[in-house]
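These are the residues of each chain, in order.
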Amino acid sequence: MLRSKRKRVGFGKNLVKGEASHDQKGKENMEVAESKLMEWCYLEPTWPDLSREEMELLASEVTQKTQKGKLLYPLEMRFMEYYRLLAWNTLPPGDYSALLSEGDGMKEIKEKIRALELEAEALSRRKDVLHLLSSYSMKPEVAIDVFTLTSIFSRINGYMRDLFVHSGENNGQVDYITCRNIISRRIPELFWDVKALLTEAAFDTVPYLAEGMVQNMSEPRLWPEGEFPAPQAMYTLASDSAIRQAMKCIQERTFRSIGISGIGGKEVAKALTNLPEIRNTFSVVLFVSISQHLSIRDVERQIKQQIHVWRKRTKGIDISVPVNVPFQHYNCLLLLDCIDEPINLYALDIPGPSKTGFRFHVQTVLTTESQIAYRVMPVDLEIRMEDHLLPWDLFCKNLGHSSTVDFSSLKPMAVRLVEECHGHLLAIILLARALSGVKDGGVWELALHELTSELSSEIGGISKDMENVLRFIWQREGNATKHCIKYCTSHDKGTLFLRDSLISGWIRAGSIKTQEEGDDILKDLISSFLLEEFGETSIRMREEIRLVLLNRFILRPHPVYLMQGSAGLTEAPELKEWDAEEIHLMNNKLSEVPESPTCLFLQKLFLQINYDLTEIPLSFFEHMPVLQVLDLSSTSLKSLPPSISRLVALRELYLRDCELLMELPPEIGALWNLKVLDLDRTEVIRLPREIEYLVNLECFKVSFYGCTAQHTNNKKLGAASPRMLLSELTKLKELSIDVNPDCVGWYIEVAAIMNELSSLSNLETLKLYIPTIELLQQFLQLTWSKNQLMIFPSLSHFTLKVGRHVQRIISYLPDDLEEKFEKLSKSKLPFSLEKSGYLKYTNGETNTDIIAKALKNASALFLDRHWTMGKLSVFKIDEISKLKYCLLVECSEMQTIVDGSDYYQGDTEGDNEEDREMSIEFDGGDVFPKCSTVSDKNDEDDDDGSLKDDDYDDEGQYDLDLGERPALPSLQYLSIRYMKSLESIWKGPTVRGCLSYLKILALHTCPKLTTIFTPGLLANLIYLKAFVAEDCSIISSLVSLEPSNSKLDSFLPSLKTISLLDLPELVNISCGLRIAPNLDRMVIYNCPKLESLLPVEVSSKYMKEIKGESEWWDALKWPESEWCNGRPDYLVRTFVPLRRGGDLMDQLATAADSFEELM
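Model, not experiment: these values are computed from the prediction.

> Which residues make up the overall build of the chain, and what values do they have?
Assigned secondary structure in the chain consists of 32 helices and 32 strands. For the chain, the residues scored as buried account for 53% of the 1159 residues in total. Taking the contacts inside the chain whose residues are at least 6 apart along the sequence as the reference set, 70% of them involve residues at least 24 apart. Summed over its atoms, the accessible surface of the chain is roughly 52,700 Å², and 50% of this surface lies on carbon and sulfur atoms.

> Tell me about the nonpolar core, residues and numbers included.
Core analysis: the largest hydrophobic core is formed by 154 residues, its most contacted members being Phe 700, Leu 768, Phe 1027 and Leu 1060. Element by element, the count of residues in this core is highest for helix α23 (residues 746-757), at six residues. The residues touching Leu 768, leaving out its near neighbours within four places in the chain, are Ile 737, Trp 746, Val 750, Met 754, Leu 757, Phe 779, Thr 799, Leu 800 and Lys 801. Core analysis: the second largest hydrophobic core is formed by 68 residues, Ala 447, Leu 448, Ile 521 and Val 548 among them.

> Lay out the sheet that holds strand β7 (residues 532-534) in plain terms, naming residues and giving numbers.
Across the sheet, three strands lie side by side as β6-β8-β7; this open sheet has antiparallel pairing. For this open sheet the edge positions go to β6 (497-498) and β7, each flanked by a neighbour on one side alone. Pairing of β7 with strand β8 (residues 538-540), which is carried by three bridges, proceeds in the antiparallel orientation. Its bridge partner lying in β8, Glu 533 is registered against Ile 539.

> Just give me the short version of a positive patch on the surface, but keep the residues and values in it.
Together, Arg 651, Lys 675, Lys 731 and Lys 733 make up a positively charged patch on the protein surface. In this structure, Lys 675 sits in the loop between β13 (652-654) and β14 (676-679).

> Before we move on, can you summarise the pattern of salt bridges with the specific residues and values?
Summed over all chains, the structure comprises 27 salt bridges. The residue Arg 546 makes a salt bridge to Glu 543 at a minimum N-O spacing of 2.9 Å. Residue Arg 546 and its partner Glu 543 are both found in helix α21 (residues 543-553); the two are separated by three residues, about one turn of the helix. Given the relative accessible area of 12%, Arg 546 is considered buried. Each of the salt bridges in this network shares a partner with another, and the network as a whole consists of Glu 450, Glu 467 and Arg 471.

> Break down the packing of aromatic side chains for me, with residues and values.
Each aromatic ring pair is described using two quantities: the centre-to-centre distance and the angle formed by the ring planes. Here the structure, examined in full by the defined rule, presents 14 aromatic pairs. Where Tyr 487 meets Phe 497, the ring centres are 6.5 Å apart and the plane angle is 45°; that geometry is what we call tilted. Linking Tyr 487 in helix α18 (residues 479-489) with Phe 497 in strand β6, this pair joins segments that are ten residues apart in sequence. The burial state of Tyr 487 is the same as that of Phe 497; both residues are buried. Seen in terms of ring centroids, Phe 821 and Tyr 973 are 5.9 Å apart; in terms of plane orientation they differ by 45°. Their pairing is tilted. Of this pair, Phe 821 sits in helix α25 (residues 817-826) while Tyr 973 sits in strand β25 (residues 973-977), and the two are 152 residues apart along the sequence.

> An account of the pairing of β14 is needed here, citing residue identities and associated values.
Regular strands have side chains that alternate between both faces of the sheet. Residues Val 676 and Asp 678 point to one face of β14 and Leu 677 and Leu 679 to the other, with burial holding for every one of them. Where β13 and β14 come together, three bridges link them in parallel fashion. Within β14, the position partnered with Tyr 654 by the bridge is Asp 678. The pairing of β14 with strand β15 (residues 699-704) spans four bridges and is parallel. Across the sheet, Asp 678 pairs through a bridge with Lys 701, a residue of β15.

> Can you lay out a negative patch on the surface for me, pointing to particular residues and giving the numbers?
Taken together, the side chains of Asp 500, Glu 516, Asp 519, Asp 520 and Asp 524 present a region of like negative charge at the surface. If one sorts the elements of the negative patch by residue count, helix α20 (residues 515-527) sits on top with four residues. Mapped onto the fold, Asp 519 is located in helix α20.

> Can you explain the side chain of Ser 1099? Please cite residues and give values.
With respect to the element layout, Ser 1099 can be found in the loop between β30 (1081-1085) and β31 (1105-1108). Setting aside residues no more than four positions away along its own chain, Ser 1099 makes contact with Arg 1074 and Ile 1075.

> Mind laying out the sheet that holds strand β4 (residues 362-368), listing which residues take part and the relevant values?
Read from one edge to the other, the open sheet built from five strands follows the order β2-β3-β4-β1-β5, with strand pairing classed as parallel. Strand pairing shows two members of the sheet lacking a second neighbour, β2 (284-290) and β5 (381-384), which therefore form its edges. Strand-to-strand twist in this sheet, taken as the mean axis angle between neighbours without regard to direction, amounts to 20°. One ladder, built from seven bridges, connects β2 with strand β3 (residues 332-338); its direction is parallel. Looking at the pairing, Leu 286 lines up with Leu 334 of β3. On the sheet, helix α12 (residues 296-313) packs against β2 and β3 and is oriented at approximately 150° with respect to β2.

> How would you sum up α23? Please name residues and give values.
Helix length check: α23 (twelve residues) gives 16 Å between terminal C-alpha atoms against 16 Å at 1.5 Å per residue, within 8%. Regarding α23, the residues found buried are Trp 746, Glu 749, Val 750, Ala 751, Ile 753, Met 754, Glu 756 and Leu 757. Check the buried side of α23 and you find it contacts β15, β16 (734-739), β17 (765-770) and α24 (773-780).

> Any chance you could break down the confidence of the model for the chain for me, citing the residues and the numbers?
For the chain, the average pLDDT comes to 76, and 71% of its residues sit at 70 or higher. Within the chain, the lowest mean pLDDT, 32, falls on strand β24 (residues 926-929), and the highest, 97, falls on β13. In this model residues 353-360 is a low-confidence stretch, pLDDT under 50, and it forms ten contacts with partners more than four residues away in sequence or in other chains. Here residues 908-963 is a poorly scored stretch, pLDDT under 50, and it has 107 contacts once near neighbours within four places are set aside; other chains count.

> Could you give an account of unusual backbone geometry, naming the residues involved and the relevant values?
A positive phi angle is found at Ile 609, which is not glycine, with a value near 60°. Along the chain, Ile 609 turns up in the loop between β11 (604-606) and β12 (629-631). Of the residues examined, Ile 609 reaches a relative accessible area of 28% and is grouped as partly exposed. Positive phi values are uncommon outside glycine, yet Ser 634 reaches one of about 55°.

> Help me get a handle on the environment of Ser 289, residues and values and all.
Along the chain, Ser 289 falls in strand β2. For the pair Ser 289 and Thr 367, spaced 78 residues apart in sequence, the C-alpha to C-alpha distance is 9.7 Å. Other than its neighbours up to four places away in sequence, Ser 289 contacts Leu 294, Gln 302, Asp 337 and Ile 339.

> Could you give an account of the environment of Val 285, naming the residues involved and the relevant values?
With respect to the helices, strands and loops of the structure, Val 285 is situated in strand β2. The class for Val 285 is partly exposed, based on a relative accessible area of 36%. In this structure the C-alpha to C-alpha distance between Val 285 and Ile 307, which are 22 residues apart in sequence, comes to 9.7 Å. Once you skip the residues sitting within four places of it in the chain, Val 285 turns out to touch Thr 273, Leu 333 and Leu 335.

What counts, and where the lines are drawn
All residue numbers refer to positions counted from 1 along the written sequence of the respective chain. Local features are withheld for residues below a pLDDT of 70 in this predicted model, meaning they are given only at 70 or higher, and side-chain atom pairs are given and counted only at 80 or more; totals for whole chains, interfaces and linings count all residues. Note that the side-chain values use all heavy atoms of the structure and ignore hydrogens as well as water. Helix and strand assignments follow DSSP, with helices taken as H or I runs no shorter than four residues and strands as E runs no shorter than two, numbered in order from the N terminus. Type-normalised accessible area, obtained with a 1.4 Å probe on protein chains alone, sets the label of each residue: buried when under 20%, exposed when over 50%, and partly exposed for intermediate values. Any pair of residues with heavy atoms lying within 4.5 Å of one another is described as a contacting pair. In short, Shrake-Rupley with a 1.4 Å probe defines the accessible areas, and a residue's cover is counted only from the protein chains shown. Within this scheme, the nonpolar core is defined by two criteria: the residues are buried Ala, Val, Leu, Ile, Met, Phe, Trp, Tyr or Cys, and they are joined through side-chain atoms within 4.5 Å. Paired strands are those between which DSSP finds at least two bridges. Patch membership requires more than 30% relative accessible area and the absence of a salt bridge. Residues of like charge join within 9 Å; the nonpolar side chains Val, Leu, Ile, Met, Phe, Trp and Tyr join within 5 Å. Salt bridge, as used here, is a side-chain nitrogen of Lys or Arg placed within 4 Å of a carboxyl oxygen of Asp or Glu. Neither His nor the chain ends contribute to the count of charged residues, in which Lys and Arg are positive and Asp and Glu negative. Positions of charges follow a simple convention, taking NZ of Lys, CZ of Arg, CG of Asp or CD of Glu. Pairing of aromatic rings covers Phe, Tyr and Trp, the last counted by its six-membered ring, and requires centre-to-centre distances within 6.5 Å; plane angles under 30 degrees mean stacked, over 60 mean edge-to-face, and any other angle means tilted. Helix axes are fitted only over the stretch in contact, all axes being lines through C-alpha atoms; the angle between N-to-C directions runs from 0 to 180 degrees. Expected helix span is given by 1.5 Å per residue-to-residue step, counting one fewer step than there are residues. Confidence of the predictor at the level of single residues is given by pLDDT, which spans 0 to 100.

The structure is reproduced here in structure tokens:
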């Protein structure tokens, strides 16, 4: 099909000569051709449509790629096949005049024959190298049909002999027809068949040859002689290898004629004749010396004479058999030794198969010292003596000895190593790469010891040499690298990995964590030759390497990450499974761990939340030299073993919630690399003095909950924190000290500690328990060396717990509420430089002035049981203007949260609406403020709604031209619990911006509460998302019907959830005001007087769920004056009855406590 489309042009001329045409538009043409080549992946029939220039440019690029030793993709191979067929067959079959015309003389014919001889020689060289490599101990990746390859070369040699005869070499008469046929068709077709077979085996030859030698075999030696010539021992080894290769060829009878070239070839041939295997194979061995003075006839005559002599000396042989058929019944080895050069034996008549069908039993071995065997006669295989220096050349070149100090002193050991590899070329490369750059002779001795060990055995076809070398390499690899290798071995033979997908696979398998780590490991594996680059973007592993690793070293691989967290384990994993970089055994039921596990690569160990773990064995940490993270939190440990001092690489140590831990061993001081030490919520009584040696500590958390009054009175025990200990930890960025409320002696110690804090200039986060208001005042007056206040503005976050924290018998707070609230106080927008602070004030009585100073810089306030404070508005507006989160608990005298009259004169609620000039459109549930308000301005700057420093003037006052300063303009969360005197949230006048960013309002157990929302306050709450009212016994409505000039027709536009729990007097929700147009969830429980729901209260189109008691829902009234058609269907579909039983309280608790809107 291809020939029918070929053009009559001198196509491929440049490629045959090894040149590429490049005209002025070369680059443009190449881009077009490359684009078309991509299309050929799917449309190969488009090849004939390419122009000659495009074809030759592409062929030139592919040729240059092969000359550089790069492998061709199947598409490129098919293209070159098409191109070369076109180059040699540009004319119709039978017309060869354009290639060889009858006008060509003897000179032209000889030139074309010489070109074919050179190409045949180059192809033969490639075939010979492939056979050379296969003669060594190696497993080829591709099974080559040697018989087919040999038969093709036999046909090529036959054609070359025919050309020699028909070109007039003997009688001067040229047979043009025969020459044209051979030159133009027969030999080129065979050339391409050979190239196709050799290209398949390219992967088996590339690593063993110098760059560019895969395609270009013009160099006499596979590797140029290096800086250190081969020692005599290597020449002896080369002779033995050549003998072994020649004997293998002779015994297998795959080649009729073999050439041995180079110094020592004659000795190899003679050595063959003395081998028992050869003597048993052949009936006769003939030896003929050939000189350039002898003619072909003379050589043939010598052969016949030797045969005649042999016949006479041999008994039982019928010597009447004609001399011209001497080898009909016998195996004969014919040795031809070329004494001098040049000699041409192409016309030598060595008897072939007779026409009578008798078997042919002769094999020829030609030896020549300086001439290439192919130039003497058309042999089927040439063995070059210098080629068998390949093991030494490979070792030296892969070793890169130029970078190794004093290689000459290591040279004898290098010879031993090469010898002990027993000619296994792949093992030699791997060994040399492993020793590359190694200057320590001890490592070389270790490698030699591994190669001479008897641990390996040739079982299952696995090479003992490969196993020894890979054992040496495997023992030196890191754990992550081992698991990356294991990942590669788990794939099938010949699997090609794309570079990026391979690294992604390593990450998914848990072998590594990051792309950068994968890049480094991949680079090392390629450098060590465990993996190879294949083409431009692919990676693969040689099959022999894969098999040895898989069967000898990866019998039971373990992941880098031993992931057994929350697995219900009662016993620790077996010792051999502790060989990992990370071990996750948290949240199990372990009561003990191994005595002394060997974890040489372990970096992170997680044993937290194993409550039954009471003891760590004395030598547990002995063999964890690179451990960096150790988490023993929430265990029942009472102490740490002395072997903790072995963890010199440890950076993070977590002992959080170890409630039985009362002391640390002095060996803790050996962990000088430690950066994080977390002893929060432990029972530690005192710190060892050795803590001062942890000079790199950046985060230190400790709880002196074991410090009771009894321990404090015992003077022998000493202070909880040794004097001047903290001042030594100058790199501290985070310091947290919590104390048992019963620790009376802390009053004295905290004063000393506060004085040491002035030395911690890097401190960014501080948590401190200050038992009295007087100590708080002292703390606020502390300054840095530059006479700046220590806490403001230097700290980015502080947590101060002030007041005498007497432990309660009964706590009214949910178990985790305070912890969540404290965590919430630390939250801020990403990359925000805003400072935050958390102030907890417990059991306060009077003197709010000092608290106000700390509160002015706080974002969160937890006011717990203040006995005299009547309202939060006792603090000035600027003192609470940055407050975002507020938790008020058991403030028994507090009657209202904010009294507007403390800040504003007269009733400004009506003016508030007129001045606001805001209209709110309700369309599909969206609310759009139509004017620029303070909240609008803040929202553009920062979504959290807090006031920034730019909003204040030089005196720290809120700068607002449009009216008076709002109260609590940044507050987002307000939770009120167990306030027995609280009557209202807000009373008196309001102005624009008051509580405007409030998102969550939660009211729990306020028995006197009557007023929650006024219409004036409702107008400000445009961002309120969640509202909870629980156990407020006299509330009749959420909205008070106070006089108001509000022009708004809808309120609470952002409200999503309402929870109304245990409100026995609740009659209605909003007193007829339209609220919550975007409401999607409502929970109502034990509100017996709430007998109906009004459309203005549940008008949201987005309602998803109304939870309540089934009895209440069924008893609801739907008056026609409000609901034209009774209960609407969309509300029926949303009702979900509360489940009765033990989980009812959990359902209600979930509804009552919500932080989701803020997290």
